[in-house]
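Each chain, written out:
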Amino acid sequence: MKKKTSETVIVEGRFYTIASPNGRVLEVANYNPESGAAIQLWDYAGAQWQQWTFVPVGADTYRICNRFTGKAIDLCLGGTADGTWLHQWDCNTGRGQQWKLEPTEDGYVRFRSVLAGKYLDLYQAFSGNGGRAQIWSDNEGTNQRWILKDVTDKNAIRPSAAQLEKREKEQVEEAAQEAAKAAKKAARKAPAKKSAAKTTATRTCRAKKTAETSAAETAAKPRRTRKSTSKSDETT
């Protein structure tokens, strides 16, 4: 199946770069294979995590999957508002992973989300390395225009053993940091509970002492004796 977009012909099973007008391309940040990894802009280095294949799901509509991770560009949490981040996620049939390709008259292509009706865009129009991909309403800006280039037949770089080892180490460190944050958060909550329990115990103790004091004072007071009056006295 072929679909012409300006000067590029989309062929199922082939791989493409998705470049901004300045030449930087969309990639999976830090060649992270996990679902939820960010989609960002970076200088092209011929890497597999910078290459994408287009899986047809309807007329002029595709799921865009990464060559290295096999996962699709997806709307974070299924969001449809301006500014919703794009990340990668396991491929599914949801509309949050479906994109309409719209060629422009000036030779570019735009990607419109089927779910949101908004366009693949760069946060604050930043086109430098690390620029985050998001969706935004149509604004005719260059940050919503892209160039597709077939790179299937070129040697694609995979992460080296050192890079994979580094990434694995980073993931371990990230997990440790998250665990430390969770533990710290739990530790902050614990004193509050203890303090509340202590306050309740103090109040109970005070109430008990007050009750005991009141009882003691009552016991110490002499009882009044009621003078009885006999009928004979009344007669007299």
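Residues numbered from 1 in each chain as written. Predicted model: local features only at pLDDT ≥ 70, side-chain atom pairs only at ≥ 80, totals over all residues. Heavy atoms only, no water.

## Overview of the environment of Gly-94
Line of reasoning, step 1. Considering the arrangement of structural elements, one finds Gly-94 in the loop between β9 (86–89) and β10 (99–103).
Line of reasoning, step 2. With 21 residues separating them along the chain, Gly-94 and Leu-115 place their C-alpha atoms 8.5 Å apart. (Helix = DSSP H or I, 4+ residues; strand = E, 2+ residues; numbered from the N terminus.)

## Topic: the nonpolar core
Line of reasoning, step 1. Grouped together as the largest cluster of nonpolar side chains are 30 residues, with contacts concentrated most on Ile-18, Leu-26, Phe-54, Leu-86, Trp-99, Phe-111 and Trp-146.
Line of reasoning, step 2. Filtering out sequence-adjacent residues up to four positions away, Phe-111 remains in contact with Ile-18, Phe-54, Ile-64, Trp-99, Lys-100, Leu-101, Lys-118, Tyr-119, Leu-120, Trp-146 and Leu-148. (Core = buried A, V, L, I, M, F, W, Y, C linked by side-chain atoms within 4.5 Å. Buried < 20%, exposed > 50% of the residue type's maximum accessible area, 1.4 Å probe, protein only. Contact = heavy atoms within 4.5 Å.)

## Overview of the side chain of Gln-144
Line of reasoning, step 1. Structurally, Gln-144 can be placed in the loop between β13 (133–136) and β14 (147–150).
Line of reasoning, step 2. A relative accessible area of 0% places Gln-144 in the buried class.
Line of reasoning, step 3. For Gln-144, the side chain forms a polar contact with the side chain of Arg-110, separated by 3.5 Å.
Line of reasoning, step 4. At 3.3 Å, the side chain of Gln-144 and the backbone nitrogen of Asn-139 are in polar contact.
Line of reasoning, step 5. Once residues lying within four places of it in the same chain are set aside, the contact partners of Gln-144 are Val-109, Arg-110, Tyr-119, Leu-120, Asp-121, Trp-136, Ser-137, Asp-138 and Asn-139. (Polar contact = N/O pair within 3.5 Å; in protein donor to acceptor, adjacent residues only side chain to side chain.)

## A word on a positive patch on the surface
Line of reasoning, step 1. A surface patch of positive charge is lined by Lys-184, Lys-185, Arg-188 and Lys-189.
Line of reasoning, step 2. Summarising the element assignment, Lys-189 is placed in helix α1 (residues 161–220). (Patch = residues over 30% accessible without salt bridge, like charges linked within 9 Å, V, L, I, M, F, W, Y side chains within 5 Å. Areas by Shrake-Rupley, 256 points an atom, 1.4 Å probe, with all protein chains shown as cover. Salt bridge = Lys/Arg side-chain N within 4 Å of Asp/Glu carboxyl O. Lys, Arg positive; Asp, Glu negative; His and termini not counted. Charge placed at Lys NZ, Arg CZ, Asp CG, Glu CD.)

## Brief notes about the packing of aromatic side chains
Line of reasoning, step 1. Tallied over the full model, the rule gives 6 aromatic pairs.
Line of reasoning, step 2. Seen in terms of ring centroids, Tyr-31 and Trp-49 are 4.9 Å apart; in terms of plane orientation they differ by 50 degrees. Their pairing is tilted. Within this pair, whereas Tyr-31 is found in the loop between β4 (25–28) and β5 (39–42), its partner Trp-49 is found in the loop between β5 and β6 (52–58), the two being separated by 18 residues in sequence. Note on accessibility: Tyr-31 and Trp-49 belong to one class, buried.
Line of reasoning, step 3. Taken together, the ring pairs connect Tyr-16, Phe-54, Tyr-62 and Phe-111 into an aromatic cluster.
Line of reasoning, step 4. Geometry around Phe-15 places Arg-67 over its ring, the cationic atom sitting 4.2 Å from the centre.
Line of reasoning, step 5. The ring of Trp-85 has Arg-132 sitting right over it, with the charged end atom 4.1 Å from the ring centre. (Phe/Tyr/Trp six-rings, centres within 6.5 Å; stacked < 30°, edge-to-face > 60°. Lys NZ or Arg CZ within 6 Å of the ring centre and 35° of its normal.)

## Description of the confidence of the model for the protein chain
Line of reasoning, step 1. Per-residue pLDDT for the protein chain has a mean of 83; in total, 74% of the residues score no lower than 70.
Line of reasoning, step 2. This stretch, residues 225–236, has a pLDDT under 50; its non-local contacts, to residues over four places away or in other chains, come to 1 contact. (pLDDT = per-residue confidence, 0-100.)

## Comments concerning unusual backbone geometry
Line of reasoning, step 1. We note that Leu-77 has phi near 60 degrees; this positive angle belongs to a residue other than glycine.
Line of reasoning, step 2. Of note, the phi angle at Glu-140 is positive, near 60 degrees, even though the residue is not glycine.
Line of reasoning, step 3. Examined against the element boundaries, Glu-140 turns out to sit in the loop between β13 and β14.

## Digging into the pattern of salt bridges
Line of reasoning, step 1. On inspection of all chains with the given rule, the structure shows 10 salt bridges.
Line of reasoning, step 2. When the shortest N-O distance is used, the salt bridge between Arg-14 and Asp-153 registers 2.9 Å. Of this pair, Arg-14 sits in the loop between β2 (8–11) and β3 (16–19) while Asp-153 sits in the loop between β14 and α1; the two residues are 139 residues apart in sequence, bridging distant segments of the chain.
Line of reasoning, step 3. Here Arg-145 makes a salt bridge to Glu-140, at a shortest N to O gap of 3.4 Å.
Line of reasoning, step 4. Accessibility expressed as a relative area gives 11% for Arg-145, which makes it buried.
Line of reasoning, step 5. The network of salt bridges with common partners includes Glu-102, Arg-110, Arg-112 and Asp-138.

## A word on the pairing of strand β11 (residues 109–113)
Line of reasoning, step 1. The element β11 is extensively covered by neighbouring structure, given that 4 of its 5 residues are classed as buried.
Line of reasoning, step 2. As paired elements, β10 and β11 share 5 bridges and run antiparallel to each other. Within β11, the residue paired with Leu-101 across the bridge is Phe-111.
Line of reasoning, step 3. Hairpin connection between β10 and β11: a loop of 5 residues separates the two successive antiparallel strands, and Gly-107 in this loop has a positive phi of roughly 95 degrees. (Pairing = 2+ DSSP bridges.)

## Looking at the environment of Asn-30
Line of reasoning, step 1. On the secondary structure map, Asn-30 appears in the loop between β4 and β5.
Line of reasoning, step 2. Assessed through its relative accessible area of 46%, Asn-30 is described here as partly exposed.
Line of reasoning, step 3. Separated by 19 residues in the primary sequence, Asn-30 and Trp-49 have C-alpha atoms spaced 8.6 Å apart.

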